[in-house]
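Fold and geometry: a report
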Amino acid sequence: MAFITLDKNKLKHNFEQLDQLFENNNIQWAVVGKLLCGNEIFLREVLSLDIKQICDSRVSNLKAIKAINDQVETIYIKPAPNGSIDEIVEFADISFNTELETIKLLSQEAVKQNKHHKVVIMVELGELREGVLREDLIDFYQQVFNLPNIQIIGLGANLTCMYGILPNNDKLIQITLYKEVLELRFNKTIPYISGGASVTIPLIMNSSIPKAINHFRIGESLFMGTNAYDGSCYENLKQNVFKLHTEIIELHEKPMMPEGEVGLNMTGEKVSFNPEWEDSTNYRAIIDLGLLDIDIEHITPLWPDIEIVGASSDMIVIDLGQNPKKLKVGDTIPFHMDYMGILRIMNSDYVEKEII
């Protein structure tokens, strides 16, 4: 078997540290919960932290959140597909938007449901993912401004997620200037600039973030304890909030060098072998996990001198060297997972999820 654990004490510690950081800098923040993949056990633990807002890119996850706590403010954080408009209005209090026609549909549905739907207009700052082009923003805002049952509560921006374009003061000051222009032109206050994510936290710490950036969306630093700007670990945050545990289902001392004619493996690759492996043996274990569940590039054994040497659809082979821990069949081995590793394995129904 394989299972993931969430350490509630580490999670609480990270939440409190981040909450204090944002409070000290007059910034509101939302938890990005898409890493949880709508898992009820983990969602309940996160929501117990008394968070004010939670973001997700799947409306089914927002529905699960509202079923647990209908008072928490939910945010849908990608452009809405037309087929999900009714559910987004029902389960998302706020949505991030870049398409005029989509906001018109949200307006129509909000009228139908007798709700006021809040929107954040995303602005393109160079990442070339979602965002209205800056030169089109004033006209775009004007067309959204008077739509019934729609309230524009902020401007937003996304950086780093696709091309790794890093945030800096110059980029973020652009969106603050557009906020000022829109407020002056339309005589309407825009309460929030949602310009911050985990990658933007270092700009708070070195006092280089514009004061008008007053809303952050945080996932990685909360759940990983890492600095998304450079991949380092924050000293005041806990790492390995999530751990992967896998059971050994076979363990034998075996030759390190395969025998026979080498062709393509199941993923279509031709594997090369180190000549130094000739005539060497090591203890090799098979663990109850495979490529169906996770990409081996996204997991690392937490114990030293253990190495992943191969994987197939439902098994991973690891080299234990001379097996100094005297591991045996039935024992479990812990692994660190990076953000993408957790995101993928949380979608596996074959891997159990536990709170510790």
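Placed above this text is the structure.
Residues numbered from 1 in each chain as written. Predicted model: local features only at pLDDT ≥ 70, side-chain atom pairs only at ≥ 80, totals over all residues. Heavy atoms only, no water.

Let us now look at the environment of C233. For C233, the position within the fold is in the loop between helix 9 (220–224) and strand 10 (242–255). Taking relative accessible area as the criterion, C233 reaches 47% and is therefore assigned partly exposed. In this structure the C-alpha to C-alpha distance between C233 and V111, which are 122 residues apart in sequence, comes to 47 Å. What C233 contacts, discounting residues up to four positions off in sequence, is G225, T226 and Q239. (Helix = DSSP H or I, 4+ residues; strand = E, 2+ residues; numbered from the N terminus. Buried < 20%, exposed > 50% of the residue type's maximum accessible area, 1.4 Å probe, protein only. Contact = heavy atoms within 4.5 Å.)

The next thing to look at is helix 7 (residues 169–186). For helix 7, with 18 residues, the first-to-last C-alpha span of 26 Å sits near the 26 Å given by 1.5 Å per residue. The complete set of buried residues in helix 7 reads K171, L172, I175, T176, K179, L182 and F186. Angular distribution of buried residues about the axis of helix 7 spans 140°; they occupy a single face of the element. More than 90 degrees from the buried face of helix 7, the exposed residues found are D170, L184 and R185. The inward-facing, buried residues of helix 7 contact helix 6 (137–145), strand 7 (150–156), strand 8 (192–197) and helix 8 (201–205). (Expected span 1.5 Å × (residues − 1). Arc of directions from axis to C-beta.)

Only a minority of non-glycine residues have a phi that is not negative, and only a minority of peptide bonds are not trans. Backbone geometry at C37 places phi at a positive 55°, although glycine is not the residue there. Here C37 shows up in the loop between strand 2 (28–32) and helix 2 (40–47).

Here we take up the packing of aromatic side chains. Applying the stated criterion to the full structure yields 8 aromatic pairs. Among the aromatic side chains, those forming a connected cluster through ring pairs are F15, F22, W29 and F216. A cation over a ring is seen here: K325 above W303, with NZ or CZ 4.7 Å from the ring centre. (Phe/Tyr/Trp six-rings, centres within 6.5 Å; stacked < 30°, edge-to-face > 60°. Lys NZ or Arg CZ within 6 Å of the ring centre and 35° of its normal.)

A few words now on the sheet that holds strand 9 (residues 215–218). Taken together, the 8 strands give a closed barrel; going around it, the order is 2-3-4-5-6-7-8-9, and neighbouring strands pair in parallel fashion. Averaged over all adjacent pairs, the angle separating strand axes in this sheet is 30°, with direction ignored. Sheet analysis places strand 2 next to strand 3 (residues 53–56), joined by 2 bridges and oriented parallel. Bridge pairing in strand 3 places V31 opposite I54. Of the strands in this sheet, strand 5 (94–97), strand 6 (117–122) and strand 7 are in contact with helix 5 (residues 100–112), which crosses strand 5 at around 160°. (Pairing = 2+ DSSP bridges. Axes fitted to C-alpha atoms, helices over the stretch in contact; angles between N-to-C directions.)

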